[in-house]
Amino acid sequence: DPRLARAEALIEAGRITYPPGDNAVDLLTAVLRDHPGHPGAMNLLGRCTTRLLDDARAARAAGLDYQARNLLEELLGFNPGHPEARALWAEWVGTPR
């Protein structure tokens, strides 16, 4: 599926969830809608999760709490059950997400 190559390029460019309509998560969600459980799309969605989680931790370590929280919110928007992101949200924000 050519959308996978485009999604990978968007991940590399840091366009994980933004801009709306032209980001990796939107493309990968569309692939999974058409081909549930597609291993390539699932793998790339995992990369999106890891990238946002790493970026959130780095932002938090740099004292950029607002940015860190926004990155976690983006991640939880497409992967709401991610245990590590949920735990960090509860720790950083103080309320369950």
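The structure contained in this document is the topic of the report that follows.

Cut-offs applied
- Residues numbered from 1 in each chain as written.
- Predicted model: local features only at pLDDT ≥ 70, side-chain atom pairs only at ≥ 80, totals over all residues.
- Heavy atoms only, no water.
- Helix = DSSP H or I, 4+ residues; strand = E, 2+ residues; numbered from the N terminus.
- Core = buried A, V, L, I, M, F, W, Y, C linked by side-chain atoms within 4.5 Å.
- Buried < 20%, exposed > 50% of the residue type's maximum accessible area, 1.4 Å probe, protein only.
- Contact = heavy atoms within 4.5 Å.
- Axes fitted to C-alpha atoms, helices over the stretch in contact; angles between N-to-C directions.
- Parallel < 35°, antiparallel > 145°, perpendicular 65-115°, else oblique.
- Left-handed = near helix turned anticlockwise from the far one by under 90°.
- Nonpolar A, V, L, I, M, F, W, Y, C, P; charged D, E, K, R; others polar.

**Focus: unusual backbone geometry**
Geometrically, the link from Tyr18 to Pro19 is a cis peptide bond, its omega value of 0 degrees lying close to zero. Take Pro19: it is sitting in the loop between helix H1 (2-12) and helix H2 (24-34).

**Some words on the nonpolar core**
Ranked by size, the top nonpolar core spans 28 residues in total, and within it Leu28, Cys48 and Leu72 carry the most contacts. Looking at this core, the elements that each hand over two or more residues are H1, H2, helix H3 (39-61), helix H4 (65-78) and helix H5 (83-93). Here this core takes eight residues from H3, the largest share from any one element. If near-sequence neighbours (up to four positions away) are discounted, Leu28 is found in contact with Leu4, Ala7, Ala41, Leu44, Leu45 and Cys48.

**With respect to the packing of H2 against H3**
Close contact between H2 and H3 brings their axes to 10 Å; oriented N to C, the two are set at 155 degrees. Classified by the interaxial angle, the pair formed by H2 and H3 is roughly antiparallel. H3 is crossed by H2, and the crossing has left-handed handedness. Contacts between H2 and H3 involve Ala24, Val25, Leu28, Val31 and Leu32 on the former and, on the latter, Ala41, Met42, Leu44, Leu45 and Cys48.

**Overview of the side chain of Thr49**
Of note, Thr49 is situated in helix H3. Overall, the relative accessible area of 6% leaves Thr49 in the buried class. Excluding its chain neighbours within four sequence positions, the residues that come into contact with Thr49 are Leu75, Phe78, Asn79 and His82.

**So, the packing of H3 against H5**
Taken N-terminus to C-terminus, the directions of H3 and H5 make an angle of 20 degrees; their axes are 11 Å apart at the nearest point. Taken together, H3 and H5 sit at an angle that is classed as roughly parallel. Viewed along their axes, H3 and H5 form a crossing whose handedness is left-handed. Touching Leu53, Ala56, Arg57 and Arg60 of H3 are Glu84, Ala85, Leu88 and Trp92, all from H5. A class-by-class count of the residues in the contact of H3 with H5 yields five nonpolar, no polar and three charged.

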